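# Chain and residue survey
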Amino acid sequence: PTRAPQVLSFTDADLDKDQIGGAVEFVRATFETDITYYALYFGSSSSTVLSLLANLPVPNGGTKINLGMNFPLPAGATHFLVFSANSNGVAWDQGTCCVL
């Protein structure tokens, strides 16, 4: 894909250590003609992926993931990252991040 998601946001409503809770939400890319899904990851920085949280299909997938309270935070996770993707794979250079 040649376009990235626009904005990624999260507000942690769970104040427990090593746990999070709340909605992770992003704004779709302006053009999605070559995007078939968005890949949402936990990361240890704005450019380092740790683990996949969800794949969200285009056009019927949502742009919001609700994490229930006490959702376990993966070791080392400090960011959420979302990338455009298609059958050729994830466009690692077409991503957006936010700090947990």
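If you're wondering where the values come from, they're calculated on a predicted model, not measured in any experiment. (Residues numbered from 1 in each chain as written. Predicted model: local features only at pLDDT ≥ 70, side-chain atom pairs only at ≥ 80, totals over all residues. Heavy atoms only, no water.)

### Focus on unusual backbone geometry
With omega at 0 degrees, the peptide bond leading from V58 into P59 counts as cis. Inspection of the secondary structure puts P59 in the loop between strand 4 (49-57) and strand 5 (64-72). Phi angles above zero are rare outside glycine, and N70 is one such case at about 65 degrees. Examined against the element boundaries, N70 turns out to sit in strand 5. (Helix = DSSP H or I, 4+ residues; strand = E, 2+ residues; numbered from the N terminus.)

### Remarks on the nonpolar core
A general feature of soluble globular proteins is that nonpolar side chains tend to end up buried together. Of all hydrophobic cores here, the largest spans 19 residues; its most connected members are L8, F10, V24, Y38, L40, L67 and F80. Where this core is concerned, the elements lending two or more residues are strand 1 (8-10), strand 2 (19-26), strand 3 (37-43), strand 4, strand 5 and strand 6 (79-86). Not counting the four nearest positions on each side in its chain, L40 is found in contact with L8, V24, L52, L53, A54, I65, F80, L81 and V82. By size, the runner-up hydrophobic cluster in this structure holds six residues, among which are A39, Y41, L81 and F83. (Core = buried A, V, L, I, M, F, W, Y, C linked by side-chain atoms within 4.5 Å. Buried < 20%, exposed > 50% of the residue type's maximum accessible area, 1.4 Å probe, protein only. Contact = heavy atoms within 4.5 Å.)

### Section: the sheet that holds strand 2
Strand order in this open sheet of three strands is 1-2-5, and the pairing throughout is antiparallel. Two strands bound the open sheet, and with one partner strand each, they are strand 1 and strand 5. Neighbour to neighbour, the strand axes of the sheet diverge by 20 degrees on average, direction disregarded. Relative to strand 5, strand 2 is paired through six bridges, and the arrangement is antiparallel. From the neighbouring strand, E25 faces strand 5, where its bridge partner is K64. (Pairing = 2+ DSSP bridges. Axes fitted to C-alpha atoms, helices over the stretch in contact; angles between N-to-C directions.)

### As for the sheet that holds strand 6
With antiparallel pairing, four strands are arranged side by side in an open sheet as 4-3-6-7. The open sheet has two edge strands with one neighbour each: strand 4 and strand 7 (89-99). Geometrically, the sheet is characterised by an average inter-axis angle of 25 degrees between neighbouring strands, direction not taken into account. Note: strand 3 against strand 4, seven bridges, orientation antiparallel. Bridging across to strand 4, Y41 finds its partner in L52.

Keep in mind that these numbers describe shape and distance, not what the molecule does.
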